[in-house]
Amino acid sequence: MPFVNELIEHNRTQIAQASDRAGQGPISASRFLFDVEAVMALLRSRIIGQDAVLGEIEAMLRVVKAGIGDPERPLTVNLFLGPTGVGKTEIVRLLAQAIHGKPDAFCRIDMNTLAQEHYAAALTGAPPGYVGSKEGTTLFDAEAIAGSFSRPGIVLFDELEKASREVVRSLLNVLDSGRLTLAAGNRTLDFRNALVFMTSNIGARQAARWERWPIPRTGRSALRSRSVRQALHRHFDSEFLNRLDRTLQFDSIQGDRLMPVLDVELSKLTQRLLRQGVQLQVDSAVKQAICRTHDPRFGARDVARQLRTRLEPAVADALLRDPEGRAWRALLHDDAIRLEPVARD
Ligand SMILES: Nc1ncnc2c1ncn2[C@@H]1O[C@H](COP(=O)(O)OP(=O)(O)OP(=O)(O)O)[C@@H](O)[C@H]1O
């Protein structure tokens, strides 16, 4: 028995195909099934300290949902800038989760693997006459890019600054016309139904220096964003930068942002434990100890790492020691995390 959503999607696709055949072009008004409020609620519950970025994402999703963008370009093209572990990739994963029901339902191109000029071929496939040209083999996942009539595809070009200039130049066509003809010439990938994201940590080192400058926060953030913009313009041609819809700068994750990030990470762990029928409470002393020893170079990644290396082993010990134990409390003893059973009434 098909789901209602699938039936609606099927009907909409039929209508779209019929209208295409009649030469009217695709129907645009609200063809996308996703609900902007629901998508943003998920993002806001999981992404801490990036309010300005999330505001821009919301505006972008509204334009996409309303279907009023240029139909000859990707639905949107966004460059995410910031240091490691601040939520750049996580936002794309959450969008995939909210729109397609799976956090990995997007096409990810790791630009780090395309660091040399001749790797442009890996992106667009082999030219005619070369091995692999007939197969049209490329790094792109055509289905994840195309999405469907009622759900946009999602593409992420990760670590953009690592790609060679040649590879970045081969993306200009995608940004201009929403299409990329593979080198063999026998296949074209269509990005016109895709949300395109790119990430880069360009300028992050310069920005970090301003974080420590002893001036008020607003002044610091203006200087920081100017230095990131300068680094960006030094690295990429304006030909490329002018084709981006949004360049969004992420804030670093440290100070008073750590505790809410820790709460998000903890809730993922407690949910996993609950699925095994185990309850876990974590003392605030444990949380403070984790925030105190946070390594700011790794942003939120270090919070997740500390949970994995300090809390999870203590939980595992307790569960293996007493497999019948169903409720536990994590406490701090001499700077080490210990678990004690919670007495049940
Ligand atoms: N702003 C945030 N709020 C809550 N959790 C976050 C945030 N940023 C990152 N995280 C957590 O850290 C993990 C790593 O973040 P993410 O993959 O987004 O890093 P990134 O910014 O893309 O950095 P990198 O350039 O290293 O890939 C995420 O899976 C998430 O659990």
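Computed from a predicted model, the values in this text were never measured in an experiment.

Participant: Whenever I open this one, empty space enclosed by the protein confuses me. Can you help?
Facilitator: Leftover empty space is mapped by rolling, across the atoms, a probe with the size of a water molecule. Under the definition given, this model contains one cavity of 30 Å³ or more. Roughly 30 Å³ of internal volume is contained in the largest cavity. If you go around the largest cavity, the residues you meet are L258, L262, I290, C291, H294, D302, V303 and Q306. Secondary structure elements with two or more residues in the lining of the largest cavity: α12 (258–275), α13 (284–292) and α14 (300–321).

Participant: Explain the layout of surface pockets here, please?
Facilitator: Taken as a whole, the largest pocket holds about 780 Å³ of empty space. Those elements giving two or more residues to the lining of the largest pocket turn out to be α4 (88–100), β2 (107–110), β6 (194–200), α12 and α14. In terms of residue class, the lining of the largest pocket is built from eleven nonpolar, eight polar and 13 charged.

Participant: Would you mind showing me how to read α4 here?
Facilitator: Compared with the 18 Å implied by 1.5 Å per residue over 13 residues, the 19 Å span of α4 between its first and last C-alpha is a close match. Burial in α4 covers these residues: K88, T89, E90, I91, V92, L94, L95, A96 and I99. Two residues or fewer past α4, G101 is found with a positive phi of approximately 80°.

Participant: Got a minute to help me understand the sheet that holds strand β3 (residues 153–158) in this structure?
Facilitator: Whether parallel or antiparallel, the strands of a sheet pair through hydrogen bonds between backbone atoms. With respect to topology, five strands assemble into an open sheet ordered β2-β3-β6-β1-β7, the strand pairing being parallel. Either end of the sheet is taken by a strand with one partner, and the two such strands are β2 and β7 (246–249). Averaged over all pairs of adjacent strands, the angle between strand axes in this sheet comes to 20°, irrespective of strand direction. Examined bridge by bridge, β3 and β6 share five bridges and lie parallel to one another. From the neighbouring strand, I154 faces β6, where its bridge partner is L195. Its contacts with the sheet put helix α3 (residues 51–66) on β1 (76–81), β6 and β7, and the angle it makes with β7 is roughly 155°.

Participant: Is there a simple way to explain the packing of helix α2 (residues 36–46) against α4 in this structure?
Facilitator: Any two packed helices are characterised by the angle at which their axes cross and by the distance between the axes. At their nearest, the axes of α2 and α4 sit 10 Å apart, and the two run at 145° to each other. Helix-helix and strand crossings are classified by hand; for α2 and α4 the assignment is right-handed. From α2, V39, L42, L43 and R46 reach across to α4, where they touch E90, I91, L94, L95, Q97 and A98. Here the residues of the contact of α2 with α4 are counted per class, giving seven nonpolar, one polar and two charged.

Participant: Explain the domain arrangement of the protein chain here, please?
Facilitator: Interfaces are frequently sized by the accessible area removed from exposure as the parts join. When its domains are assigned, the protein chain resolves into domain 1 (29–252) and domain 2 (256–341). Counting residues at the interface gives ten residues for domain 1 and eleven residues for domain 2. At the junction of domain 1 and domain 2, the tally comes to one salt bridge. A salt bridge links R257 to D251, with the nearest nitrogen and oxygen atoms 3.7 Å apart. Applying the counting rule to domain 1 against domain 2 returns three residue pairs in polar contact (both at pLDDT 80 or more). Looking at side-chain class alone, the side of domain 1 that touches domain 2 contains one nonpolar, five polar and four charged residues.

Participant: Looking at this structure, how should I read the site of the ligand?
Facilitator: Neighbouring the ligand are 17 residues, the closest being I48, T84, G87, T89 and E265. A distance of 2.5 Å is found between an oxygen atom of the ligand and a side-chain nitrogen or oxygen belonging to T89. Interatomic distance of 3.2 Å between a side-chain N/O atom of K268 and an oxygen atom of the ligand. When atoms are counted within 2 Å of each cavity's grid points, the one that captures over half of the ligand is the largest pocket.

Participant: Sorry, what's going on with the pairing of β7 here?
Facilitator: It is a general feature of regular strands that their side chains alternate between the two faces of the sheet. Side chains R246 and L248 of β7 all project onto a buried face; the interleaved residues T247 and Q249 project onto a face where none is buried. Across four bridges, the pairing between β1 and β7 is parallel. Of the residues in β7, the one forming a bridge with L79 is T247.

Here is what the cut-offs are and how they apply
- Residues numbered from 1 in each chain as written.
- Predicted model: local features only at pLDDT ≥ 70, side-chain atom pairs only at ≥ 80, totals over all residues.
- Heavy atoms only, no water.
- 1 Å grid on protein atoms, 1.4 Å probe; cavity = no way out; pocket = protein on both sides within 12 Å on 5 of 7 lines; lining within 4 Å.
- Points joined across faces, edges and corners; volume = space filled by probe spheres on them.
- Helix = DSSP H or I, 4+ residues; strand = E, 2+ residues; numbered from the N terminus.
- Nonpolar A, V, L, I, M, F, W, Y, C, P; charged D, E, K, R; others polar.
- Expected span 1.5 Å × (residues − 1).
- Buried < 20%, exposed > 50% of the residue type's maximum accessible area, 1.4 Å probe, protein only.
- Pairing = 2+ DSSP bridges.
- Axes fitted to C-alpha atoms, helices over the stretch in contact; angles between N-to-C directions.
- Contact = heavy atoms within 4.5 Å.
- Left-handed = near helix turned anticlockwise from the far one by under 90°.
- Domains from an automatic or database assignment.
- Salt bridge = Lys/Arg side-chain N within 4 Å of Asp/Glu carboxyl O.
- Polar contact = N/O pair within 3.5 Å; in protein donor to acceptor, adjacent residues only side chain to side chain.
- Near = heavy atom within 4 Å.
- Sits in = over half its atoms within 2 Å of the grid points.

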